[in-house]
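Below are the chains, spelled out letter by letter.
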Amino acid sequence: MNFAYFGTHPDPQQLLEDFGQDTPSPIAIDVETISLTDRTLVGVGIAFSEDVFYFPMFPTKSPMFPYHVLTNPRVVKILHNSIFDLEVLAQAHIDIDLTGFQDTYVYARHNNMDLSLTQLSFLYAECQSLAMETVLNGKKTTLDSPLEVLAHKCCLDALATLQIYPIVKSKT
């Protein structure tokens, strides 16, 4: 699989190709790793509007991965708990331009909303993020889960991050 798509566009391949032409802003980014202790990048989810892409990055990086979007300084990048995600991306040698970057976790903490993304999405988003424990369902690592399940979880996290962003930011 070069990528997974969750959305309503009739031609996801064309949407992905157009992604670099007229890059939407803002986007939300989420990463999945083998485990919390093994931070090898497994996949990246990128959400914009109601469209979400998942790019598998292990054992090889997806040839469809839109590096140009992450390095574009005009695109606002939103992450939840960016310290973790940015470290993982850096370890995988994926550059990201941080001009205008936002962190929903920082906004939530600033507003005394010390909640996980799963809890925040339950309260404030149309889509519900999934806790990793639910996805793993007793398995040790993400590599033990079906790729489709991991892709869906990552995309939900990216979409939830995008949806909670205006809410947690407006409270600051």
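Residues numbered from 1 in each chain as written. Predicted model: local features only at pLDDT ≥ 70, side-chain atom pairs only at ≥ 80, totals over all residues. Heavy atoms only, no water.

**Thoughts on a negative patch on the surface**
Moving on, step 1. Residues Asp11, Glu17, Asp18 and Asp22 make up a contiguous surface patch of negative charge.
Moving on, step 2. Counting through the fold element by element, Asp11 comes out in the loop between β1 (4–6) and α1 (12–18). (Patch = residues over 30% accessible without salt bridge, like charges linked within 9 Å, V, L, I, M, F, W, Y side chains within 5 Å. Areas by Shrake-Rupley, 256 points an atom, 1.4 Å probe, with all protein chains shown as cover. Salt bridge = Lys/Arg side-chain N within 4 Å of Asp/Glu carboxyl O. Lys, Arg positive; Asp, Glu negative; His and termini not counted. Charge placed at Lys NZ, Arg CZ, Asp CG, Glu CD. Helix = DSSP H or I, 4+ residues; strand = E, 2+ residues; numbered from the N terminus.)

**Things to note about helix α3 (residues 82–91)**
Moving on, step 1. Along α3, the residues that are buried comprise Ser82, Phe84, Asp85, Leu86, Val88 and Leu89.
Moving on, step 2. For α3, the elements touching its buried residues are β2 (27–33), β3 (41–48), β5 (77–79) and β6 (102–103).
Moving on, step 3. One or two steps after α3, the chain reaches His93, where phi turns positive at roughly 60°. (Buried < 20%, exposed > 50% of the residue type's maximum accessible area, 1.4 Å probe, protein only. Contact = heavy atoms within 4.5 Å.)

**Some words on the pairing of β2**
Moving on, step 1. In terms of burial, β2 is a largely internal element, seven of the seven residues being buried.
Moving on, step 2. Neither face of β2 is left uncovered, since the one carrying Ile27, Ile29, Val31 and Thr33 and the one carrying Ala28, Asp30 and Glu32 both have all their residues buried.
Moving on, step 3. Pairing geometry for β2 and β5, over two bridges, is parallel. By the bridge assignment, Ala28 is partnered in β5 with Ile78. (Pairing = 2+ DSSP bridges.)

**Considering the packing of aromatic side chains**
Moving on, step 1. A full pass over the atoms with the stated rule returns ten aromatic pairs.
Moving on, step 2. Ring geometry for Tyr5 and Phe53: centres 5.1 Å apart, planes at 45°, overall tilted. Of this pair, Tyr5 sits in strand β1 while Phe53 sits in strand β4 (residues 51–56), and the two are 48 residues apart along the sequence.
Moving on, step 3. Judged by relative accessible area, which is 17%, Tyr5 ranks as buried. (Phe/Tyr/Trp six-rings, centres within 6.5 Å; stacked < 30°, edge-to-face > 60°.)

**Description of the side chain of Ser121**
Moving on, step 1. Residue position: Ser121 is located in helix α5 (residues 117–124).
Moving on, step 2. Classification of Ser121 as buried rests on a relative accessible area of 0%.
Moving on, step 3. Setting aside its immediate chain neighbours within four residues, Ser121 contacts Cys127, Gln128, Ser129, Ala160 and Ile164.

**Topic: the side chain of Ser129**
Moving on, step 1. Position of Ser129 relative to the elements: it lies in the loop between α5 and α6 (132–136).
Moving on, step 2. Contact partners of Ser129, with chain neighbours within four places excluded, come to Leu117, Thr118, Ser121, Leu156, Asp157 and Ala160.

**Quick word on the sheet that holds β3**
Moving on, step 1. A sheet is described by the order of its strands in space; here six strands give the open sequence β1-β4-β3-β2-β5-β6, paired in mixed fashion. Sheet topology places β1 and β6 at the edges, where each strand pairs with a single neighbour.
Moving on, step 2. Pairing of β3 with β4, which is carried by six bridges, proceeds in the antiparallel orientation. By the bridge assignment, Gly43 is partnered in β4 with Pro56.
Moving on, step 3. Together, β2, β3, β5 and β6 form the strand contacts of α3, whose direction differs from that of β2 by roughly 70°.
Moving on, step 4. Sheet strands in contact with helix α7 (residues 147–170) are β1, β2, β3, β4, β5 and β6, and its direction is about 140° off that of β2. (Axes fitted to C-alpha atoms, helices over the stretch in contact; angles between N-to-C directions.)

**A closer look at unusual backbone geometry**
Moving on, step 1. That bond from Phe58 to Pro59 is cis: its omega, 5°, falls within 30 degrees of zero.
Moving on, step 2. The phi dihedral of Asn81 falls on the positive side, at around 65°, and the residue is not glycine.
Moving on, step 3. Counting through the fold element by element, Asn81 comes out in the loop between β5 and α3.
Moving on, step 4. Its identity as a non-glycine residue notwithstanding, His93 has a phi of 60°, on the positive side.
Moving on, step 5. By secondary structure assignment, the location of His93 is in the loop between α3 and β6.
Moving on, step 6. By relative accessible area, His93 is classed as exposed at 69%.

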